Amino acid sequence: MKPPTSKGAPTAGVYAPPTPKVSRQKKAKVLTAAERAAFLASRPDLKPKG
């Protein structure tokens, strides 16, 4: 049997600085109501919730 892995256990502390790969990720863009409506109108396969 394999020994349990320590996945998820932080080795450098809880508030360690992000790794280079994490800091290179692009930040998400929040769409305005008009941009969201235009996007959903161009994608009929995506049904708006509600």
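See the structure shown above.
Now for a quick tour of the structure. (Residues numbered from 1 in each chain as written. Predicted model: local features only at pLDDT ≥ 70, side-chain atom pairs only at ≥ 80, totals over all residues. Heavy atoms only, no water.)

**Some remarks on the overall build of the chain**
The secondary structure content of the chain amounts to two helices and zero strands. Put simply, the chain has 50 residues, and 0% of those count as buried. Of the roughly 5,400 Å² of accessible surface on the chain, a fraction of 64% belongs to carbon and sulfur atoms. (Helix = DSSP H or I, 4+ residues; strand = E, 2+ residues; numbered from the N terminus. Buried < 20%, exposed > 50% of the residue type's maximum accessible area, 1.4 Å probe, protein only. Areas by Shrake-Rupley, 256 points an atom, 1.4 Å probe, with all protein chains shown as cover.)

**Digging into the pattern of salt bridges**
A full pass over the atoms with the stated rule returns two salt bridges. Between glutamate 35 and lysine 29 there is a salt bridge; the shortest N-O distance is 3.1 Å. Salt-bridge contacts for aspartate 45 lead to arginine 43; the nearest nitrogen and oxygen are separated by 2.8 Å. We classify aspartate 45 as exposed; its relative accessible area is 52%. (Salt bridge = Lys/Arg side-chain N within 4 Å of Asp/Glu carboxyl O.)

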